[in-house]
Amino acid sequence: AAFSEVSTANTFLHVEIDNETLVLKKKSDGATSLEEVFDQIRAIAQQTQGSYFLVHNPKTDGSVPWFLVMYSPDSAPVRSKMLYAATRETLKSQLGNFAKDFLCSEDSTLTFKDYQESLSGGTQ
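About the thresholds
- Residues numbered from 1 in each chain as written.
- Predicted model: local features only at pLDDT ≥ 70, side-chain atom pairs only at ≥ 80, totals over all residues.
- Heavy atoms only, no water.
- Phe/Tyr/Trp six-rings, centres within 6.5 Å; stacked < 30°, edge-to-face > 60°.
- Helix = DSSP H or I, 4+ residues; strand = E, 2+ residues; numbered from the N terminus.
- Buried < 20%, exposed > 50% of the residue type's maximum accessible area, 1.4 Å probe, protein only.

1. So, the packing of aromatic side chains
Within this structure, the stated rule accounts for nine aromatic pairs. With centroids separated by 4.2 Å and ring planes inclined at 15°, the aromatic side chains of Phe-67 and Tyr-115 adopt a geometry described as stacked. Taken as a pair, Phe-67 in strand S4 (residues 66-71) and Tyr-115 in helix H4 (residues 112-119) lie far apart in primary sequence, 48 residues in all. Here Phe-67 falls in the buried class, since its relative accessible area comes to 2%. Taking 5.6 Å as the distance between ring centres and 80° as the angle between the ring planes, the aromatic pair formed by Phe-102 and Tyr-115 counts as edge-to-face. Separated by 13 residues along the polypeptide, Phe-102 in strand S5 (residues 101-104) and Tyr-115 in helix H4 bring together distant segments of the chain. Using a relative accessible area of 6% as the deciding quantity, one classes Tyr-115 as buried.

Here it is as structure tokens:
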């Protein structure tokens, strides 16, 4: 329900896997830019063993307004990394289209700059 209720730009939903179930942990809105969204995401990610962040960024050209950030740190337990990797496609298929996936294994790469570089074919 939270996914379909989002209408403002620069909003994100923080989702974690808890007992093999996807759980909405936080809805954040009111960021003034995607740079600020990534700052908030990085602060949350540093406290987790893995997370999904569904970021709403509507464009005026009518393109898909959501992208998915998956954070699965190298330091996470193997089981956690496997769960996040295996669940990503399920999450996407249940919620609909995402313009882009941005996969991160280090919180230092959870930046708007790194996201932009991934759009232009750089490394993730």
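After presenting the structure, the write-up continues.
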